[in-house]
Amino acid sequence: MQSQPTASPHEDRRLVVVVIPTYDEKDNIADLIADILSQQPKCEGFDLEVLVSDSHSQDGTREIVTEIGAANPKVHLLDVRERGIGLGLYSGFTHAINDLGADVLIEIDADFQHNPSDIPALLGGIREGYDVVIGSRFVPGSVNQMPLHRRILSVGANLVIRTMLGLKHITEITTSYRAFTKAIFLKVDPDSVPWRKEKSFIAVPVFLVRMIDAGASAKEVPMTMHPRVRGYSKMDFSRYIRDIFVFSIKSRLGMDK
């Protein structure tokens, strides 16, 4: 499901920076970077680079990325020095725009639950003129291999937000696998997103809601979702569920701005 794109001038090539927020992901990061960059031949009109936005990992993640970056100028490291996926994402997005010159940004998890082979489809939507393209588990063609309890959590969280906010044209609010333009990111007031909420993933759905509030044209594309096979999850599920309900209720009452 999708809303209509806004017209945009043709550009020959655009720089895409894939932002990966990390904390202790040494088991995944090298393979993930390689898999992301391997998508370049399928991304006509775009140049792919990777930015690892790291929350000062202690397991060697930063050292691995530094070594890869020394051999490949398309790989960058930002040491955020503070914990929190929201802060990692926001710091990465702003660094990608201000210091790397990104035209388009992609957010992707570091745990291989998101499949890098879906990147060309995300960028295909950007090429069509959409402001944000969302990897969705709920559109035809998607593959969701997550455990049952995670599927139930995802369906419930998306249903709550969509119902409370009246988002009829988007099925996927909570995934952190998206491509979006620099222009739409800059339209979002950073103070309207709880980027610094350390132990919560609430910034992920709120950021999408704020882009839509800012007038973003949005498209969903099928994605493949895998269970984590290496490392460990940093999500506090009870905290996340609580924050989803609080945000949705405040939004419904107009108390979230």
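Residues numbered from 1 in each chain as written. Predicted model: local features only at pLDDT ≥ 70, side-chain atom pairs only at ≥ 80, totals over all residues. Heavy atoms only, no water.

K.L.:
Sorry, what's going on with the overall build of the protein chain here?
P.N.:
Within the protein chain one finds eight helices and nine strands. Evaluated residue by residue, the protein chain yields a buried proportion of 54% over its 257 residues. Once local pairs closer than 6 in sequence are excluded, the contacts in the protein chain between residues at least 24 apart make up 81%. Only carbon and sulfur atoms are counted for the fraction: they give 53% of the accessible area of the protein chain, which is about 11,400 Å². (Helix = DSSP H or I, 4+ residues; strand = E, 2+ residues; numbered from the N terminus. Buried < 20%, exposed > 50% of the residue type's maximum accessible area, 1.4 Å probe, protein only. Contact = heavy atoms within 4.5 Å. Areas by Shrake-Rupley, 256 points an atom, 1.4 Å probe, with all protein chains shown as cover.)

K.L.:
Just checking my understanding: could you explain the packing of aromatic side chains for this structure?
P.N.:
What describes a pair of aromatic rings is the distance from one ring centre to the other and the angle between the planes of the rings. All chains considered together, the criterion is met by 10 aromatic pairs. Here F93 and F180 contribute two aromatic rings whose centre-to-centre distance is 5.1 Å and whose plane-to-plane angle is 85°, an arrangement assigned as edge-to-face. With F93 in helix α3 (residues 85-98) and F180 in strand β7 (residues 178-181), this pair connects stretches of sequence that are 87 residues apart. F93 sits in the buried class, given a relative accessible area of 0%. Under the relative-accessibility criterion, F180 is labelled buried at 0%. Taken together, the aromatic side chains of Y90, F93, F180, F185, W195 and F207 make up a single cluster linked through ring pairs. Stacked on the ring of Y23, the Lys or Arg R83 has its end atom at 3.7 Å from the ring centre. (Phe/Tyr/Trp six-rings, centres within 6.5 Å; stacked < 30°, edge-to-face > 60°. Lys NZ or Arg CZ within 6 Å of the ring centre and 35° of its normal.)

K.L.:
I'm lost on the side chain of R14 in this one. Help?
P.N.:
Among the secondary structure elements, R14 is positioned in strand β1 (residues 14-22). For R14, a relative accessible area of 13% gives the class buried. R14 has contacts with G45, F46, D47, D103, V104, I126 and R127, leaving out every residue within four places of it along the chain.

K.L.:
Whenever I open this one, the pairing of β7 confuses me. Can you help?
P.N.:
The two faces of the sheet receive side chains in turn, since in a regular strand these alternate between them. Neither face of β7 is open: one carries R178 and F180, the other A179 and T181, and all of them are buried. In the sheet, strand β4 (residues 104-107) pairs with β7 via four bridges, with the strands oriented antiparallel. Bridging from a neighbouring strand, I106 pairs with A179 of β7. When strand β5 (residues 132-136) meets β7, the two strands line up antiparallel, connected through three bridges. Following the sheet pairing, I134 is matched in β7 by R178. (Pairing = 2+ DSSP bridges.)

K.L.:
Just checking my understanding: could you explain the nonpolar core for this structure?
P.N.:
Where a protein is soluble and globular, its nonpolar side chains tend to be buried together. Core analysis: the biggest nonpolar cluster contains 36 residues, and F93, L105, V132, F180, F207 and M211 have the highest contact counts within it. When contributions to this core are tallied by element, the ones reaching two or more residues are β1, α3, β5, α6 (182-187) and α7 (203-213). No other element matches α7, which puts seven residues into this core. Judged by nonpolar contacts, the second largest core, of 31 residues, contains I29, I106, I108 and V221. (Core = buried A, V, L, I, M, F, W, Y, C linked by side-chain atoms within 4.5 Å.)

K.L.:
Would you explain the pattern of salt bridges in this entry?
P.N.:
If the charged atoms of two oppositely charged side chains come close together, the side chains can form a pair. Tallying each qualifying case throughout the model produces nine salt bridges. One salt bridge connects K219 with E128, and the closest N-O pair in it is separated by 2.9 Å. With K219 in strand β8 (residues 218-222) and E128 in the loop between α4 (119-127) and β5, the pair connects residues that are 91 residues apart, well separated along the chain. You can call K219 buried: its relative accessible area is 15%. On the accessibility criterion, E128 (46% relative accessible area) is partly exposed. A salt bridge links R137 to E172; its shortest N-O distance comes to 2.7 Å. Of this pair, R137 sits in the loop between β5 and β6 (143-144) while E172 sits in the loop between α5 (148-165) and β7; the two residues are 35 residues apart in sequence, bridging distant segments of the chain. (Salt bridge = Lys/Arg side-chain N within 4 Å of Asp/Glu carboxyl O.)

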